[in-house]
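Coordinate analysis (summary)
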Amino acid sequence: MAETAELTAGGRTVRLSHPDKVYFPERGFTKLDVARYYLAVGEGITRALRNRPTTLERYPDGVTGESFFQKRAPKNLPDWIPTGRISFPSGRYADEICPTEPAAVLWAANLGCLTFHPWPVRRGDTEHPDELRIDLDPQPGTGYGDALRAALELRDVLDGLGLRGWPKTSGGRGLHVFVPIEPLWTFTQVRRAAIAVARELERRAPDRITTAWWKEERGEKIFVDYNQTARDRTIASAYSVRPRPHAPVSAPLLWEELPDARPEDFDLATMPVRFAEKGDVHAGMDEHPCRLETALELADRDEREHGLEDLPYPPEHPKMKGEPKRVQPSRARH
């Protein structure tokens, strides 16, 4: 077994320790395979991470071993990888890595990072998101086909609000749709816009789509996880490897590809082939930032005309102004 291997990206050479360590026993993929994958899609994942504070989901012994999320930049961070300071709901802060080149992704892969979780902000302004992210999460009794149907309906909702979404597989059963926005609004305002979008989608298909935060109220529906836009909530980046036995990846897609695409089509072996043929199909994403005024007007109208106010925040958040009681409904009844 080789002790080290070296890969070069953008003129930088990154050394990998124990490159033959098996990370995905079911497929036989090694640490070197993961690093080579990220080299093959380097332009794409760098676009997705560029200048974004990023949490590393690390599996030093592969997907069958222990894992952890690393928010703070490792102490041995090279001086050519910048950091960005982000603040948590608790008021504490951390300096996270902000990849700006493929070599930074390879460096993190050497630490056993499989999945990259970038914040929806850039390090130059970590208080104003430049992406509104929508997570279509299949609940028990539903699956990818249900999420696909919801995504196509979501596209129509976004179009009506002057927003352009960019879809990708989650790497599991769900779908993500990212909307690039001008960095003019706070986390609270972006979340309010996301709730308005989610509620409009729910109104169109209440038997199939829900915004219910409490699992006991969701039923067999697609949950539109509006809290993925809350501070300190992140979503796996495009091209990230997901820690499942068959080594799936989060695949960026064009809307016209979506009806025929399936999550199992995209993995550590197949995505480099697709990337070589098509390139990064989300390459133009940052060139089309949108504005949130119309979505925020919808939120105001929901509140004014329908009495729809805020929805619960995640449990790690302090109680927020205007937030409803954060108690599970079945417990509140007792």
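The structure this text deals with has already been given above.
Here's a quick rundown of the structure. From a predicted model like this one, the values you see are computed outputs, not experimental measurements.

Moving on, we come to unusual backbone geometry. Positive phi outside glycine occurs at Asp-232, with the angle close to 75°. Looking at the element boundaries, Asp-232 is found in the loop between β14 (222-224) and α6 (270-278). The backbone of Tyr-239 sits at a positive phi, close to 75°, despite the residue not being glycine. With respect to the element layout, Tyr-239 can be found in the loop between β14 and α6.

Packing of helix α4 (residues 144-160) against helix α5 (residues 187-204) brings their axes to within 10 Å, and their N-to-C directions diverge by 120°. The angle between α4 and α5 places the two elements in the oblique class. Crossing of α4 over α5 shows right-handed handedness. Along its contact with α4, which presents Ala-150, Glu-153, Leu-154, Asp-156, Val-157 and Leu-158, the element α5 presents Val-197, Glu-200, Leu-201 and Arg-204. Broken down by class, the residue content of the contact of α4 with α5 amounts to six nonpolar, no polar and four charged.

Bringing helix α7 (residues 293-306) into the picture now. In a regular helix each residue adds 1.5 Å, so 14 residues correspond to 20 Å; α7 covers 19 Å between its end C-alpha atoms and thus fits that length. Inspection of α7 places Ala-295, Leu-296, Leu-298, Ala-299 and Asp-302 among the buried residues, and these make up the whole buried set. The buried residues of α7 occupy an angular sector of 150° when projected down its axis, which confines them to one face. The exposed residues of α7 that point more than 90 degrees off its buried face are Arg-304 and Glu-305. On its buried side, α7 packs onto α5. Immediately beyond the C-terminal end of α7, within one or two residues, lies Gly-307, with a positive phi of roughly 70°.

The element strand β12 (residues 175-180) is extensively covered by neighbouring structure, given that six of its six residues are classed as buried. By the alternation rule, side chains of β12 split into Leu-175, Val-177 and Val-179 and His-176, Phe-178 and Pro-180, which are all buried. Examined bridge by bridge, strand β10 (residues 131-138) and β12 share six bridges and lie antiparallel to one another. Bridge pairing in β12 places Glu-131 opposite Pro-180. Pairing of strand β11 (residues 166-169) with β12 involves four bridges; the strand directions are antiparallel. Residue pairing in the sheet places Lys-168 in a bridge with His-176 of β12.

What follows is about the sheet that holds β12. Overall, mixed pairing links the five strands, which are arranged β11-β12-β10-β14-β13 in an open sheet. Two strands bound the open sheet, and with one partner strand each, they are β11 and β13 (209-210). Packed on one face of the sheet, α5 meets β10, β13 and β14 and runs near 40° to β10.

About the cut-offs
Residues numbered from 1 in each chain as written. Predicted model: local features only at pLDDT ≥ 70, side-chain atom pairs only at ≥ 80, totals over all residues. Heavy atoms only, no water. Helix = DSSP H or I, 4+ residues; strand = E, 2+ residues; numbered from the N terminus. Axes fitted to C-alpha atoms, helices over the stretch in contact; angles between N-to-C directions. Parallel < 35°, antiparallel > 145°, perpendicular 65-115°, else oblique. Left-handed = near helix turned anticlockwise from the far one by under 90°. Contact = heavy atoms within 4.5 Å. Nonpolar A, V, L, I, M, F, W, Y, C, P; charged D, E, K, R; others polar. Expected span 1.5 Å × (residues − 1). Buried < 20%, exposed > 50% of the residue type's maximum accessible area, 1.4 Å probe, protein only. Arc of directions from axis to C-beta. Pairing = 2+ DSSP bridges.

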